[in-house]
Amino acid sequence: MANPNSLPLYEKYWYKHNYKRVLDSLILILLLLLLGYRVMYVNNYSIPWFIALICETWFTLSWIFTISTQWSPAFIKTNPDRLLQSVQELPAVDLFVTTADDELEPAIITINTVLSLLALDYPSHKLACYVSDDGCSPLIFYALHKASKFAKHWVPFCKKYNVQIRAPFRYFCDDNDCTTNDEEFRQEWLQMKDLYENLSHKIDVDPKSIPSLLEEEFAVFSNTNRTNHPAIIKVIWENKEMAEDGLPHLIYISREKRPKQPHHFKAGAMNVLTRVSGLITNAPFMLNVDCDMFVNNPNIVMHALCILLDSKGEKEVAFAQCPQQFYATLKDDPFGNQMAILYKYLGAGLAGLQGIFYGGTNCFHRRKVIYGLSPDDVEKGNNLSEVELKQKFGTSKELMKSVGHALEDRTYSASDISVNKAVEEAIHVASYGYEYGTGWGKQVGWMYGTMTEDILTGLTIHKKGWRSELCTPDPIAFTGCAPIDGPTCMAQHKRWATGMLEIFFSKHCPVFGAIFDKLSFRQFLAYMWIMNWGFSPVAQVCYACLVAYCIITNSYFLPKDWGMYIPTAIFGIYKVYTLYEYLASGLSIKAWWNNQRMSRITPMNAGFCGFITVLLKLLGISNTVFDITKKELPPSRDDRHDKNAGRYTFNESLVFLPGTTILLLQLTAIFIKLFGFQPQGLSRNYECGLAEMLISVYLIICYWPFLRGLFETGKFGIPLSTICKGATLTCIFVCLSRRTISG
Ligand SMILES: O=c1ccn([C@@H]2O[C@H](COP(=O)(O)OP(=O)(O)O[C@H]3O[C@H](CO)[C@@H](O)[C@H](O)[C@H]3O)[C@@H](O)[C@H]2O)c(=O)[nH]1
Ligand SMILES: [Mn+2]
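Remember, it's a predicted structure, so these values are computed and weren't measured experimentally.

Caption draft 1: Up close: the confidence of the model for the protein chain. On average, residues of the protein chain score 92 in pLDDT, and 95% of them are at 70 or above. With pTM at 0.95, the complex prediction returns an ipTM value of 0.99.

Here's what the structure looks like:
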């Protein structure tokens, strides 16, 4: 407990962005004006008019979500030096890492993340690292084994020389040579580099050869495969003496999986981690990271605890989320997925509301909040009866006891813990049947039913009235890898769009949260902003089709007289304004343009497919799955200058079909117009004008990577089958459009 009289452990400051408010409002006024104009003047009750009205109304709503979210940005400053004075004893923190596939998530990446966690600047006996492996991979287990041996040298080295980047692959990457005169350091540095290279060679093995390498340890992995195996929990390293400068416990967990039994993807893995750690260390705080997100600021636990242990924060703040940032990124953000501007404005905007969304990784949670406690319950403590505990948390007596402890803020003392004894019970709570009929995934833990368990879990917490904080120390807390190819970016975005819609069409919909629960109104609008990742693609696709339709049928949907100034002004102001934001953040014009064009490409392909996927799910035709994002080590120095780095790539996936179709449609429309194949005979006032043509050309420019893809082969080309499907859809569209006017 923090001393209530001490100085605040963190303070909040507000940005002054008056110019931004003026521009945001100006665009909103223009959008409303456009809607007004449409209703008053271009009102011809035609289909294009109606579709345009709906799309533009949606764009206006989207803009309201956006400006409300970024209206009052804030940031916080943490004071870790005050922390030690204000608490008697630092609390324990459990560290969770999830991995699920040793091919898409190479073992070397996972162990680097683990090593960076083991080397955190925090008393080691207060930390315990749990790695959940949903792939049940002996390779990951073997690599962790080897990594824990290396850690015995690595962790003291980092602490002795106060190394900042404690993931060895980044520390020893080829831009980072040892250039010091300190001979002792040089020697140790070289030795460490050698040890690390040795480690990476050792784990770079054929997974099939692992059994012989692990011998008796391997017995548990025999006859297992990733979808059919019992729970495996192995203590790889135990800090038996509970030494402050030793190594934290390191525990490997692969929860039980059986064919056809739902396992709820990452959320399921997180719940097993929560239960298993509850039995072993039961720390009041839990940090969770994805396997690629290593620690970039070794002091981060202290910063996060400033928020969570502050006398005010303790009562109000449920979790401290650090931004997702990326290392060794491609220059100028060619895939528009580095999210720098997003965090800067929308992240800060959320920080000024009820709080940042939970992002699935880089987040410090309070265990009791994950166990379902609301701010009102805090004073009361654990008021659950045994029956309720059993109903919510399952039948394990040991677990119920540990939950009771957590809810009452009573922590285990070091002597309570016998890691090996707890493992037996842990295997029980990691079995697939354990959750059956309990509250896991519904009332407590990470929430089920969506591909974006992070947003839903955060929403459930905010709905109870908790707040959250964005923790942005310098240097930044964690960095990970951003996808560097077209298909991976699309798959990731499609999953997000799908997940948002799954939440929206469930009983967890933020609308109910605002009406019946304690979601503040503007936080609700912020959640709508992110839910819109699933809806706005539909409006965008309709608009794009509408443009082509008008050109093909020689009709119009945009104003012809002075009214044309309204959309022109919206477009112009928006472009200049976003460009300014990029330049002011030190980003390039190219980065701005890449993001502009990707904000047309990604939603219209991945987002639109996400929408269709959810539609199919709602109709009961198919179910949604979590496609894991491929993680790659950053390219070496030579490959980085490869001229193809950052070029858009494609694969056979249907996710590229909407974009291909839209491009072909625009090309066909322009062709029809240029060669005069449009139907004639309408009065000039009703004909398709320049404006429709310009939008169509703009879309083609945005789709430049696809246009190139039409003529390329290999991974840079759009597969012929996708082109054929796109062409067929285009023909159907053109024929149907013509029908509407002749018929
Ligand atoms: O069945 C599964 C599937 C995934 N994971 C893990 O979940 C994490 C996130 O998966 P990833 O493929 O890296 O997804 P991203 O798109 O990079 O993840 C973002 O979006 C996810 C929600 O869609 C969040 O869970 C993540 O934290 C957030 O970083 C990884 O560590 C995986 O190993 C599992 O443990 N079990
Ligand atoms: Mn990721």
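Caption draft 2: Seen up close, the sheet that holds strand β3 (residues 93-99). Read from one edge to the other, the open sheet built from eight strands follows the order β5-β6-β4-β3-β7-β11-β9-β12, with strand pairing classed as mixed. Edge positions in the sheet fall to β5 (232-237) and β12 (467-470), since each has one partner strand and no second. The average undirected angle you get between the axes of adjacent strands in this sheet is 20°. With seven bridges connecting them, β3 and strand β4 (residues 127-133) associate as parallel partners. Among the inter-strand pairings, threonine 99 is bridged to a residue of β4, identified as aspartate 133. Sheet contacts for helix α9 (residues 265-280): β3, β4, β5, β6 (249-254) and β7 (285-290); angle to β4, the most-contacted strand, approximately 145°.

Caption draft 3: Quick peek at the sheet that holds strand β10 (residues 325-326). As summarised here, the arrangement of the three strands in space is β8-β13-β10, forming an open sheet in which the pairing is mixed. The open sheet has two edge strands, β8 (294-295) and β10, and neither has a second partner. As judged from the two bridges shared by β10 and strand β13 (residues 478-480), these two strands associate in the parallel manner. Following the sheet pairing, glutamine 325 is matched in β13 by threonine 479.

Caption draft 4: Highlighting helix α25 (residues 690-702). Between its first and last C-alpha atoms α25 spans 18 Å; for 13 residues at 1.5 Å apiece the expected length is 18 Å, and the two agree. Among the residues of α25, Glu692, Ile695, Ser696, Leu699 and Cys702 are the ones counted as buried. When α25 is viewed along its axis, its buried side chains cluster within an angular range of 120° and face the same direction. Turned more than 90 degrees away from the buried face of α25, the exposed residues are Leu690 and Ile701. Its buried side turned inward, α25 meets α21 (521-553), α23 (589-618), α24 (657-674) and α26 (704-711).

Caption draft 5: Region of the structure containing the UniProt feature "transmembrane region" (unreviewed entry) in the protein chain. According to UniProt, the positions carrying the feature "transmembrane region" (unreviewed entry) are residues 21-41, 47-67, 538-558, 564-583, 604-626, 654-676, 688-706 and 718-736. A distance of 30 Å separates the end C-alpha atoms of residues 21-41, which is 95% helix and 0% strand. Along residues 718-736 one finds 89% helix and 0% strand; the C-alpha atoms at either end are 26 Å apart.

Definitions and cut-offs
- Residues numbered from 1 in each chain as written.
- Chains lettered and ligands numbered in written order.
- Predicted model: local features only at pLDDT ≥ 70, side-chain atom pairs only at ≥ 80, totals over all residues.
- pLDDT = per-residue confidence, 0-100.
- Pairing = 2+ DSSP bridges.
- Helix = DSSP H or I, 4+ residues; strand = E, 2+ residues; numbered from the N terminus.
- Axes fitted to C-alpha atoms, helices over the stretch in contact; angles between N-to-C directions.
- Contact = placed C-beta atoms within 7 Å.
- Expected span 1.5 Å × (residues − 1).
- Buried ≥ 20, exposed ≤ 12 C-beta atoms within 10 Å, placed from the backbone.
- Arc of directions from axis to C-beta.
- UniProt positions renumbered as here; feature names shortened; annotations may be inferred.

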